[in-house]
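Letter by letter, the chains look like this.
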Amino acid sequence: MAAANKAVLGPLVGAVDQGTSSTRFLVFNSKTAELLSHHQVELKQEFPKEGWVEQDPKEILNSVYECIEKTCEKLGQLNIDISNIKAIGVSNQRETTVVWDKLTGEPLYNAVVWLDLRTQSTVENLSKRIPGNNNFVKSKTGLPLSTYFSAVKPRWLLDNVRKVQKAVEEERALFGTVDSWLIWCLTGGANGGVHCTDVTNASRTMLFNIHSLEWDKELCEFFEIPMKILPNVRSSSEIYGLMKAGALEGVPISGCLGDQSAALVGQMCFQDGQAKNTYGTGCFLLCNTGRKCVFSEHGLLTTVAYKLGRDKPVYYALEGSVAIAGAVVRWLRDNLGIIKTSEEIEKLAKEVGTSYGCYFVPAFSGLYAPYWEPSARGIICGLTQFTNRCHIAFAALEAVCFQTREILDAMNRDCGMPLRHLQVDGGMTNNKILMQLQADILYIPVVKPSMPETTALGAAMAAGAAEGVGVWSLDPEDLSAVTVERFEPQINAEESEIRYSTWKKAVMKSMGWVTTQSSESGMP
């Protein structure tokens, strides 16, 4: 039986999908893009102080090993030979920063997560040094100066953590986003691990010039980040190194994409103007702008979409980033306790079918696109004695949809070509109420692939297509057609507009809540 299976399946490709709330390892058939097996582990987030968000880099790494081992066991039970796995791709939460000791392989501090706000005073001080008529940070990186992006995180560590300062002085420190940390560890760690990143992850650091595709000396000097601690920047699809341990020892790691770029690839958005929206911890709408950098007039980011091979051209994207999407459901579960599992929110929302005039702006980490307003904080407004937990659950789902509408409007204005439908993916798209709400609020159809794991699929495609692996063809005629589910708008346009304008009123009320807090520094 096993021999027959091997013959039928042909080459397989694995993908590590390391997200903010969980880690997964998934294995795909490279000829059909079919998902054969996967395993998922939820991750802890630590909130040591208000506005601080951290994760343990060792826990992240161990979760990757656990997911790989468990998936390989499941494949064994399915009589699938794991020696058919010819390559591994990595996709990761972007911007989250790890600094570690290259001699011991130990992290020098917890990973500082993209949502973390401790660097707000750093951002304010730095922004005073940018000339009004020459925002060189934005023109070189495509990004606004914000706590969201990596550069200010190692800056804070260098200013506040003696262990990090000492390791940099003694040339033992390495910096990386989560992809770099994982690839370095998986390829040997302190024993010859490869210290690299790809162009998509590098483009989220605020240290990378998206035109020359290199670390930028002027930016590194501005943020005072020593260039010697930075990883080598590679394309998103090439062999970086081989797995040095575990069930897949010897398999090449040959794909690397930040999670949102990976989803763009996995949704096959290879043409200029194609877009996708991923509903994860946050919400991220990316539109492929081809080989040209398009700069937004409406609060979107310019970012690297992908570069699928050393000698292949780089493609760019416009991105609308929303900080809190799935995280609001986790908050209702873990902080308020009004649901026991994330899936339960759909049942609560369904019971009432309306928020009954209640609006929830989940600005837990300030507001990202299109406002970039760090002073905002979360509010629930429009409450009456009639409001119950079901209405709040419904308002939380509506918040995800309204935030998507804001970034879609910005995207349509920047591109001049309104999207006629929205391609969606990510864990939250399993929620049918959310998908219907999204179609109603956008007033365009929402299209969901029947296999929603497009982030992992994108990383697997990049890995399988790499030179020296060559088991996955990215030629348009070879890409298998994807079955989809469509959600059509079911309310009238006028009602949709009224709800949206009330949402905007709520957003205005969330702004200006905080000034920089003195608790941001303090030597740990």
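Residues numbered from 1 in each chain as written. Predicted model: local features only at pLDDT ≥ 70, side-chain atom pairs only at ≥ 80, totals over all residues. Heavy atoms only, no water.

The name that an unreviewed UniProt entry assigns to the chain is glycerol kinase, with the source organism given as Sus scrofa. Regarding the chain, the relevant UniProt record gives this comment under Sequence similarities (unreviewed entry): "Belongs to the FGGY kinase family." What the UniProt record of the chain gives under Pathway (unreviewed entry) is the line "Polyol metabolism; glycerol degradation via glycerol kinase pathway; sn-glycerol 3-phosphate from glycerol: step 1/1." (UniProt positions renumbered as here; feature names shortened; annotations may be inferred.)

1. What to know about the pattern of salt bridges
If you walk through the whole model with that rule in mind, you get 33 salt bridges. Across the pair Asp-216 and Lys-140 runs a salt bridge, and its minimum N-O distance is 2.9 Å. Taken together, the residues span a long stretch of sequence, with Asp-216 in the loop between strand S11 (214–215) and helix H9 (217–223) and Lys-140 in helix H4 (residues 136–141) at a distance of 76 residues. Where salt bridges share partners, they join Arg-94, Glu-95, Arg-204, Asp-259 and Glu-319 into one cluster. (Salt bridge = Lys/Arg side-chain N within 4 Å of Asp/Glu carboxyl O. Helix = DSSP H or I, 4+ residues; strand = E, 2+ residues; numbered from the N terminus.)

2. Digging into the nonpolar core
In this structure, Met-206, Phe-223, Tyr-279, Tyr-306 and Leu-422 are the most contacted members of the largest nonpolar core, which totals 142 residues. Here this core spans two domains, and each of domain 1 (12–259) and domain 2 (326–420 + 490–509) adds at least three residues to it. Once you skip the residues sitting within four places of it in the chain, Phe-223 turns out to touch Leu-126, Leu-145, Ala-151, Val-152, Arg-155, Met-206 and Leu-207. Counting residues in hydrophobic clusters, the runner-up holds 37 residues, among them Ala-111, Leu-182, Ile-183 and Trp-184. (Core = buried A, V, L, I, M, F, W, Y, C linked by side-chain atoms within 4.5 Å. Buried < 20%, exposed > 50% of the residue type's maximum accessible area, 1.4 Å probe, protein only. Domains from an automatic or database assignment. Contact = heavy atoms within 4.5 Å.)

3. Describing the pairing of strand S14 (residues 252–258)
Within a regular strand, the side chains alternate between the two sheet faces. Taking burial as the measure, the seven residues of S14 include seven buried ones, the bulk of the element. By the bridge criterion, five bridges tie strand S5 (residues 85–92) to S14 in an arrangement that is parallel. Each residue of the ladder has a partner; that of Ile-88, found in S14, is Ile-253. Sheet topology note: the strand S13 (residues 237–242)/S14 ladder contains three bridges and is antiparallel. What sits directly across from Ser-237, in S14, is Gly-255. (Pairing = 2+ DSSP bridges.)

4. Remarks on the side chain of Asp-259
Within the element layout of this structure, Asp-259 appears in helix H10 (residues 259–266). Dropping the residues within four chain positions of it, Asp-259 is found in contact with Ser-91, Asn-92, Gln-93, Arg-94 and Thr-455.

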